[in-house]
Amino acid sequence: MKIFKAYESGFRRSLNAWKGVVIVWFFSLLSVSLVALPMKGAIKAAFGKSMVTDKLMGGLDVEVLVDLGASLRILTHFFSSGLFFLILAGFLANSFLAGGLFDTLKKSDNRISAAEFFRASAGNFWSFLGISSIISIIIIIIGFLVVGLPAGFISNLHADSEKTPYIIVLISILVFFTIVAILNLVADYARSWQVTKEKKSCFKALGFGFNRTFRTFFPSFLMMFIIMIVLVLFNLLVLKILGPWRPVTGAGVLLLFIVSQLLFFVKVLIKTWRYGSVTSLMEQSNPDDNLV
Amino acid sequence: MLNLKKKFIPQISQIGEDNLQPICADKFDLREILLTTDLMKKTLLTILSLMFINCVSNSQIINREPLSPRITGYRIEAKLNTESQTVVGYMEAFWVNYSSDMVRDVQLHMYMNAFKSNKTTLYSEINSKASLKETEKGRIDIQTFTAADGANLLPSAQYFSPDDGNLHDSTVIQVILPQAVKPGDTVSIKVNFETKLPSRIRRTGYADDYYFIAQWFPKFGVYETTGMRYRMTSGWNCHQFHAHSEFYANHSVYDVKITVPNEYIVGTGGLLLDETDSGDGEKTLTYRAEDIPDFAWTAWPGYKVFTEQWEHVKITLLIPGERLEQVERQFTAVKNALEYLTKNVGPYPWPHLTFVDPPAKGSGAGGMEYTTIFTSASFFKIPVCFHVPEMVTVHEFGHAYFMGILASNEFEEPWMDEGINSFWEERIMDHYWGENSGMIDNPLLRISDKSISRISYVSSGSRQVVSNNEYSWNYPHHTYSMMSYQKTATWLYTLMGIIGEETTNEIFREYYRRWAFKHPSGKDFINVVNDIVRNTHGDEFGPDMNWFFDQTLYGTGICDYKVSDLHNIKLESALKDSTLVDTLKKNLPAHDTLYKAVACIERAGEVMLPVDVLIHFTNGDEVLESWDGKARYKDFVYTGKRMIEWIKVDPEYKIRMDVNFINNSMTQDPNRIPLRRFTNKIISLMQFFVSAFTL
Ligand SMILES: [Zn+2]
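Conventions and cut-offs
Residues numbered from 1 in each chain as written. Chains lettered and ligands numbered in written order. Predicted model: local features only at pLDDT ≥ 70, side-chain atom pairs only at ≥ 80, totals over all residues. Heavy atoms only, no water. Core = buried A, V, L, I, M, F, W, Y, C linked by side-chain atoms within 4.5 Å. Buried < 20%, exposed > 50% of the residue type's maximum accessible area, 1.4 Å probe, protein only. Contact = heavy atoms within 4.5 Å. Pairing = 2+ DSSP bridges. Helix = DSSP H or I, 4+ residues; strand = E, 2+ residues; numbered from the N terminus. Axes fitted to C-alpha atoms, helices over the stretch in contact; angles between N-to-C directions. Buried area = accessible area lost by both parts, 1.4 Å probe. Salt bridge = Lys/Arg side-chain N within 4 Å of Asp/Glu carboxyl O. Polar contact = N/O pair within 3.5 Å; in protein donor to acceptor, adjacent residues only side chain to side chain. pLDDT = per-residue confidence, 0-100.

K.L.:
Sorry, what's going on with the nonpolar core here?
P.N.:
The tendency in soluble globular proteins is for nonpolar side chains to be buried as a group. Trp216, Phe295, Trp297, Phe397, Phe508 and Phe525 of chain B are the most contacted members of the largest nonpolar core, which totals 178 residues. Setting aside its immediate chain neighbours within four residues, Phe397 of chain B contacts Val334, Ala337, Leu338, Leu341, Tyr348, Leu353 and Phe374 of chain B. Residues Phe117, Val180, Ala190 and Trp273 of chain A belong to the second largest nonpolar core, which totals 59 residues.

K.L.:
Looking at this model, I keep getting lost on the sheet that holds strand E30 (residues 644-649) of chain B. Mind explaining?
P.N.:
What links the strands of a sheet is backbone hydrogen bonding, and the strands pair in either a parallel or an antiparallel sense. Residue and element names in this part refer to chain B. Spatial strand order, E28-E27-E30-E31: four strands in an open sheet with antiparallel pairing. The sheet is open, and its two edges are formed by strand E28 (622-627) and strand E31 (665-667), each paired on a single side. If you compare each strand with its neighbour and ignore which way they point, the axes differ by 15 degrees on average. Here six bridges tie strand E27 (residues 611-617) to E28, and the two strands are oriented antiparallel to one another. Residue Val613 lies in a different strand from E28, and its bridge partner there is Glu625.

K.L.:
What is the right way to look at the interface of chain B and chain A in this model?
P.N.:
Put simply, an interface is often sized by how much accessible area is lost when its parts join up. Opposite the 60 residues of chain B that make contact, chain A presents 75 residues. Here chain B and chain A share an interface that buries about 5900 Å² over both sides, 65% of which is from carbon and sulfur atoms. Where Arg454 of chain B meets Asp67 of chain A, a salt bridge forms, and the shortest distance between an N and an O atom there is 2.8 Å. Summed over the shared surface of chain B and chain A, the number is 32 residue pairs in polar contact (both at pLDDT 80 or more). Among the secondary structure elements, those contributing two or more residues to the side of chain B that touches chain A are strand E24 (445-447), helix H7 (449-458), E30, E31 and helix H13 (673-693) of chain B.

K.L.:
What exactly am I supposed to notice about the confidence of the model for chain B here?
P.N.:
Do not read the fine detail of predicted coordinates wherever pLDDT is low. All names here are of chain B. Confidence along chain B averages 89 in pLDDT terms, with 89% of residues attaining 70 or more. The low-confidence segment residues 1-37, where pLDDT is below 50, has 64 contacts with residues more than four positions distant or belonging to other chains. Scoring of the predicted complex yields 0.88 for pTM and 0.93 for ipTM.

K.L.:
Looking at this structure, how should I read the pattern of salt bridges?
P.N.:
Working definition: two side chains of opposite charge can pair if their charged atoms are close together. All names here are of chain B. Under the counting rule described, the total for this entry stands at 43 salt bridges over all chains. For Lys133, the salt bridge is made with Glu136, and the minimal N-O distance between the two is 4.0 Å. You can call Lys133 exposed: its relative accessible area is 55%. Sharing partners across several salt bridges, the network here consists of Glu502, Glu506, Arg509, Glu510, Arg513, Arg514, Asp531 and Arg534.

Here is the structure:
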């Protein structure tokens, strides 16, 4: 029951925090456009006045891509370095904007202005950055141990059964997914606790996060696990919709843009729902948060 | 060349299809004959050996008539020892001197010795300095080597390295004969050998209890007579085992008995005639193969066996039990290949075919061909949209034609097998699995099989360092596969683009008719092309097609036709300009504007091929121009009231050698829809990706 209440409350809170969701979406579009639009210009220049683009109407044509020659190499470098920049920028932006979001979510009927949103973001930034950094480092290390090592192991394994490596990979992915769910819980509890405190300290917040996660492990984990599965399914749905969609008119391309951005908006909303649900669960149980 | 056919082609014995017992193989065991006197022994052995030769060369079990001259034949008894990973064998073999020479030696391949140390030619070519572990070593030891009369030939045998003089390589053995062999005479040998298999499977070897056994017995080289291929004088063609090379051998008859532990499932390139259980935990399988250039086999307890029939061919598939969901995919692939090649090249002449999908631990054996047995390559749970298993199966089966039936010299002209076979593989894959999805067929990504070759060739930085006319081990800068497989397939597609699909098929039908069960060379193939193109198209492409092969097969140039410019010049005083002559102008009203519309085409590469140029005007008119493609540039000029809207050189992308399709066209109004669509998708991809990386 607690979980359903948390979902319901989290959902309401995330809808109330729509301004924050819009800000997150807008920032994402803006930062990605900084990389994607120059890339588009470079691709346009590489194709010049060629009609070979007609061959791309039915989808990606690897022969045409390879014919780009040196331009393709430049584009690939641009794309990979752009992606690295975006991940870095996204990490910092998330640390910043999550402060505003968690602050908005802490009361179920709390609607705040954009100015208040940014004030809260700035106030929580350093602590949130610390929380995100520490949890991300733990995820990377665990990812290496849980997925990287078994992958290396099976590549040298001459197992009699071909199912064995397959099962090892599946299990390691599932274990990793489970650990990420737990660490997400820690981060979310830590952040939702942090916004309620005047004094900012990422270590204290993380201490609270770990404590609360393991003291209320079963309901918390189940709730997070289900939300993460919803997120994975949603991502697959997006892939299913956007992947094969190949509009052939200007209006179709515009529609593709609108739909893709709507879908990303929903994705941000689901993440906010996760934040809201964890916040709600924390408020519901609230055993003795003075422990830390 | 002497007409030896009458003399040596055996008389066809009248064996009914239901009487599948080998005539001679089981009638006697030479080793059990004990004779008391040397003379009697020698005489009898000679007689018995000749009986064996006569039996082999005269008997027909698989096909009613021999498909190839009986130049070589082998009878082998082999026992697989799974404790020591060795094959202990006894072999009787013959070679018939079809030449008009007195031949003083025989040369044989001893290919398992390529795995003897890290100093062999194989390992030095792959630059492997690390010394081999004992288990990784392989070798073939000859214990006895005698002539038919029992004379010991070992003292006159020596290893030598005809290709690179490598003293550490012992993959070719030369045996000086006691007497020179007269034209028409036969050399028969008897060899006791032991083959130690290497643990790392590189075409051959073992992994745990999995065995793929190839290049495992002493095998005659090819004695080439004057005039054959490029021979100025007769001689042995017997190359060493190289890292990047395949093989060359006579079509032969094989009678092979294989003894393995009972639990092992065996697959070979032969037809199973008999299976007996020795009662001591082992079984002996008797196989017969006719007219194939090599005999390979596999043994593993984990195989599941499936058989299906395609017309006259009984197809056997050996596959790991965990990949049963792929059985249908594999049979579909091999049947498609059979159907397509039968229709467009010629009939598959054997009634049997075995193919193997090796397990992961034996994957080193995957993707190799031995005519009537070949290996595919796959893995557990491979998605249906990735046609890798199908592609490998189609490819390796295709070798039954371009290595098996049309047994070119793969050492010296690798393009004739791998290149031609890749061309057919790509045609088959794209024909049956989709013109744009022969390789990958997923809603997110579709790739045709023919794209793979072109991409590999076009994107190679070394595409101009060497021509296709090179010995396989001499290709520099890791260009062996790109040149032998991909460049060849790409220029064969280009040839088809020029002369048409049906003419191309007719070329291969004629190539099959003329050269099946012989050893064609590149020039023989070109002669067929020239004859068929002349018969079909007359002088349309000149007296012959040598100009094409000189540039593609023997040349290193690249092909690149481009539209360099498109302009429509408004002629202000057009009507006053008496120098302008245009039929359109005569009918123009005085107030109409005239344009000088120019399509500028350039040849940016060295290769000169005839190309079509399609010019589209603003009023909807289209003109298809033909250009011989020889000059460095060509301007097509039109004067009239119409303006050029777009130009395409090679509008159907038939010249697949063209290294850049992007510059093949130019338009006033480029279609930006795919680019905008792509940008939108990249934006959302990045958004979702970055979001997944943040908490
Ligand atoms: Zn091949």
